[in-house]
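Each chain, letter by letter, is given below.
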Amino acid sequence: MNSELKDMLQSVLKEEINPINQRLDGLDQRLDGLDQRLDGLDQRLDGLDQRLDGMDQRLDSIEHDMKEMKKGQEQLQKNVIESIGQYTDKIIDYVDDKTDALNQRFYAAETEIQRLKRKSS
């Protein structure tokens, strides 16, 4: 009889524990699904991190290029101002030379006119 009682108790326990085991198995499956989804999210986040790192590098490169362009622009402005100053100096020297030559011609012409007036009078 003891064995029958034992068998009956085991049977009752199996009947009671079986739905609990089935629910736990279902929870395990759901947790496995969540783990897979989280793994997928981790992979996607890793991909986003890589893309952001690439974008950071590109932005750093752009910032560096912008700084170089600003330096180049400043140097260009200095060179243009210097070149304009040199060109202006050359124009002034040219005009001064031509003015001196014209003044000498004009003086020579005036002197000749004066000489001819004296001669004719």
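About the thresholds
Residues numbered from 1 in each chain as written. Predicted model: local features only at pLDDT ≥ 70, side-chain atom pairs only at ≥ 80, totals over all residues. Heavy atoms only, no water. Helix = DSSP H or I, 4+ residues; strand = E, 2+ residues; numbered from the N terminus. Rg over C-alpha atoms; globule rule 2.2 N^0.38 Å. Buried < 20%, exposed > 50% of the residue type's maximum accessible area, 1.4 Å probe, protein only. Areas by Shrake-Rupley, 256 points an atom, 1.4 Å probe, with all protein chains shown as cover. Lys, Arg positive; Asp, Glu negative; His and termini not counted. Charge placed at Lys NZ, Arg CZ, Asp CG, Glu CD. Patch = residues over 30% accessible without salt bridge, like charges linked within 9 Å, V, L, I, M, F, W, Y side chains within 5 Å. Salt bridge = Lys/Arg side-chain N within 4 Å of Asp/Glu carboxyl O. Expected span 1.5 Å × (residues − 1). Bend = angle between axes of the 7 residues up to and from the residue.

S.K.: Hey, could you run me through the overall build of the chain in this one?
M.R.: For the chain, the helix and strand inventory stands at one helix and zero strands. For 121 residues, the compact-globule estimate of 2.2 N^0.38 gives 14 Å, and the chain exceeds it by more than 25% at 51 Å. Structurally, the chain occupies a C-alpha span of about 175 × 15 × 10 Å along its principal axes. Here the chain holds 121 residues, and 0% of them are scored as buried. Carbon and sulfur atoms form 55% of the exposed surface of the chain, whose accessible area is close to 12,100 Å². When the 19 positive and 27 negative side-chain charges of the chain are each reduced to one mean point, those points stand 17 Å apart.

S.K.: Any chance you could explain a negative patch on the surface here in plain terms?
M.R.: A contiguous patch of negative charge on the surface is contributed by D25, D28, D32, D35, D39, D42, D46, D49, D53, D56, D60 and E63. Checked against the element boundaries, D35 lands in helix 1 (residues 2-120).

S.K.: Just to check I follow, could you spell out helix 1 for this structure?
M.R.: Structurally, the α-helix is built with 3.6 residues per turn, so residues lying three or four positions apart point the same way. Along its 119 residues, helix 1 runs 170 Å from first to last C-alpha, staying within 8% of the 177 Å computed at 1.5 Å per residue. The principal kink in helix 1, of about 30°, is found at I17, preceding the proline P19 by one to four residues.

S.K.: Would you mind going over the pattern of salt bridges with me for this structure?
M.R.: Two side chains with opposite charge may pair up if their charged atoms get near one another. Enumeration over the complete set of coordinates arrives at one salt bridge. One salt bridge connects E112 with R115, and the closest N-O pair in it is separated by 2.3 Å. Taken together, the positions of E112 and R115, both in helix 1 and three residues apart, correspond to about one turn of that helix. E112 gets classed as partly exposed once you look at its relative accessible area, which sits at 34%. A relative accessible area of 40% means that R115 is categorised as partly exposed.

S.K.: Would you explain a nonpolar patch on the surface in this entry?
M.R.: On the surface, Y87, I91, Y94 and V95 cluster together into a nonpolar patch covering about 440 Å² of accessible area. In this structure V95 comes out as partly exposed when scored by relative accessible area, which is 43%.

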